[in-house]
Amino acid sequence: MIRTTIRIALAGLLVLAAAGLAFAQEKTQVTFWHAMGGARTAFIQRMVDDFNYTHPTIEVKAEYKGSYRDTLNAAILAAKQGNPAQIVQIFEVGSQLALDSGIFMPFEDTIKPDDYAMLDDFVPGVANYYKFDGKFYSVPFNSSNAILYYNKNVFAKAGLDPENPPKTFDEVTAACKKIVESGAAPYGISFPLHCWLAEEWMANQGALLANNENGRAGRATDILLDSEPMKKIMSWWKELYDNKYYAYSGKPEDWDGANNLFISGQAAMEVTSTSDVAIMQNAAAENGFTLGTGKLPSLTDDPEGAVVGGASLWMTKGNSPEVQDAAKTFLIWFTNTENEVRWHKGTGYFPVRVSAVDVLKEQKWFERNPAFSAAFDQLLDTKPTRATQGALLPIFPQLRTIVEEAAQKIFDGTPVDEAMAEADKRADDALTKFNRGVQ
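Residues numbered from 1 in each chain as written. Predicted model: local features only at pLDDT ≥ 70, side-chain atom pairs only at ≥ 80, totals over all residues. Heavy atoms only, no water.

Asks: Any chance you could explain the overall build of the protein here in plain terms?
Replies: A count of helices and strands for the protein gives 21 helices and 13 strands. Computed over the C-alpha atoms, the radius of gyration of the protein is 24 Å, within 12% of the 22 Å expected from 2.2 N^0.38 for a compact globule of 439 residues. Over its C-alpha atoms, taken along the principal directions, the protein stretches across nearly 95 × 55 × 35 Å. Within the span of the protein, comprising 439 residues, buried residues form 54% of the whole. Of all intrachain contacts in the protein linking residues separated by at least 6 positions in sequence, the fraction that spans at least 24 positions is 78%. Carbon and sulfur atoms make up 52% of the accessible area of the protein, which amounts to about 18900 Å² in all. For the protein, the distance from the average site of its 41 positive side-chain charges to the average site of its 55 negative ones is 5 Å. (Helix = DSSP H or I, 4+ residues; strand = E, 2+ residues; numbered from the N terminus. Rg over C-alpha atoms; globule rule 2.2 N^0.38 Å. Buried < 20%, exposed > 50% of the residue type's maximum accessible area, 1.4 Å probe, protein only. Contact = heavy atoms within 4.5 Å. Areas by Shrake-Rupley, 256 points an atom, 1.4 Å probe, with all protein chains shown as cover. Lys, Arg positive; Asp, Glu negative; His and termini not counted. Charge placed at Lys NZ, Arg CZ, Asp CG, Glu CD.)

Asks: Got a minute to help me understand the layout of surface pockets in this structure?
Replies: Empty space among the atoms can be located by rolling a probe the size of a water molecule over them. Here the largest pocket defines a volume of roughly 1000 Å³. Along the wall of the largest pocket there are 35 residues; nearest its centre are Arg-40, Tyr-68, Trp-255, Ser-275 and Tyr-349. For the lining of the largest pocket, the leading source of residues is helix H12 (residues 255-263), giving four residues. Here the residues of the lining of the largest pocket are counted per class, giving 13 nonpolar, 14 polar and eight charged. Taken together, 23 residues make up the lining of the second largest pocket; nearest its centre are Lys-167, Lys-295, Leu-296, Pro-303 and Gln-378. Looking at the lining of the second largest pocket residue by residue, the classes come out as seven nonpolar, nine polar and seven charged. (1 Å grid on protein atoms, 1.4 Å probe; cavity = no way out; pocket = protein on both sides within 12 Å on 5 of 7 lines; lining within 4 Å. Points joined across faces, edges and corners; volume = space filled by probe spheres on them. Nonpolar A, V, L, I, M, F, W, Y, C, P; charged D, E, K, R; others polar.)

Asks: How should I be thinking about the side chain of Ser-373 in this particular structure?
Replies: Structurally, Ser-373 is set in helix H18 (residues 373-381). Residue classification places Ser-373 among the buried residues on the basis of a relative accessible area of 16%. Within the structure, Ser-373 has its side chain in polar contact with the backbone oxygen of Pro-370 (distance 2.7 Å). (Polar contact = N/O pair within 3.5 Å; in protein donor to acceptor, adjacent residues only side chain to side chain.)

Asks: What should I look at first to understand the pairing of strand S3 (residues 87-91) in this one?
Replies: Residues in a regular strand point their side chains to alternate faces of the sheet. A large share of S3 lies buried, amounting to five of its five residues. Side chains of S3 alternate between two faces, with Ile-87, Gln-89 and Phe-91 and Val-88 and Ile-90 buried alike. Note: strand S1 (residues 28-34) against S3, two bridges, orientation parallel. Paired with Phe-32 across the strands is Ile-87, a residue of S3. In the sheet, S3 pairs with strand S13 (residues 309-316) via five bridges, with the strands oriented antiparallel. In the strand pairing of S13, Ile-87 is matched with Met-315. (Pairing = 2+ DSSP bridges.)

Asks: Looking at this model, I keep getting lost on the environment of Met-315. Mind explaining?
Replies: Assignment of secondary structure puts Met-315 in strand S13. Each C-alpha atom, one on Met-315 and one on Gln-408, is 37 Å from the other, the two residues being 93 residues apart in sequence.

Asks: Just checking my understanding: could you explain the packing of helix H2 (residues 39-54) against helix H14 (residues 321-334) for this structure?
Replies: Helices that pack against each other are described as a pair by the angle of their axes relative to one another and the distance between those axes. One way to put it is that H2 packs onto H14 with a least axis distance of 11 Å and a crossing angle of 120°. As far as their axial angle goes, H14 and H2 are oblique. Of the two possible hands of crossing, H2 and H14 adopt the one that is right-handed. Along the contact surface, H2 presents Ile-44, Met-47, Val-48, Asp-50, Phe-51 and Thr-54, while H14 presents Thr-329, Phe-330, Trp-333 and Phe-334. Of the residues assigned to the contact of H2 with H14, the class counts are seven nonpolar, two polar and one charged. (Axes fitted to C-alpha atoms, helices over the stretch in contact; angles between N-to-C directions. Parallel < 35°, antiparallel > 145°, perpendicular 65-115°, else oblique. Left-handed = near helix turned anticlockwise from the far one by under 90°.)

Now the structure itself:
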């Protein structure tokens, strides 16, 4: 009798285990590739874990795939091999290449009437960038722009007003001169050798980076690297370098190198992404100085504003209806108001939803954390023009390398006009070649 009871109990347990296994296998699997390294990898994973816990029929697997460039390249290759990720984080300048790749579908096509409110909730400056032909092809997630960070203690030591950071190129140069000559810091300013900053300063002047209204009115066929606005940027950059006011690590796109120069006190100011606000606040406290932030210094007293940086989330096409619906469910949840507030507070990327901004204002977040407000104020003050909407170029990653190599040549003595004329030809040749391939 006892043995019979045990056999029945074991049989029941096996049935339950089999049912549990079947249930686990019934979960809809979604792969999410992203480019958020360092502490942000863990942050993303915590958010994904929360989603999986609250959505038991869906399992999202997040994978860090390296840099933005690496992530986009890996996504295109995987799709060609028939094994695509369902969701891919793509940096803003990869948008045209993503469109041309043919592997993604417009997110807006998956939206039901009840979901349209989420699209109307995006901050206008963000929506302005990520709408192509009037439609959202991706979901804005981590948005940023470039701001000025400065060491208030060094400013005071140099006789500068710690509450009044420089706002123009001329004011930056003058502040650097006082800082270096006073011995308050070895260098006035640091920022990475990165084309992104040149792009921001072009938009700041209201200048286009490409023809056909930055590639927004029609496909771009001419890149404008030898324009006067671009040469003004490079000439100022060269002036800072020649006067030993500017320091960088010597390597292109070295964000950490520029951060280290600023955090260690070797440079009194740094221009970099607002996404580093949380990191900078912690570093300032650890290194015993007071952090200040300001808008991106501009060439003029009346700048047009900034281009949205960062990235958005794209859905690949060709998935089953179940997988597509699961991916959409995740994207709506992942970028909802609560998570945008959470993401902003933990990183410094500004909130991309109006509703998230409202929550932060109700909490008096910006009043209690003024270092976070510079980038958002800058976004709100940005004029909605073709320049600030940002350029659509399929060769943007290659373009950035070309501009960075031109800047290095300028530092090494090549005249600005010559370096930018050469860079312009290289960029136009690359664009012409690519455009031929998609016609």
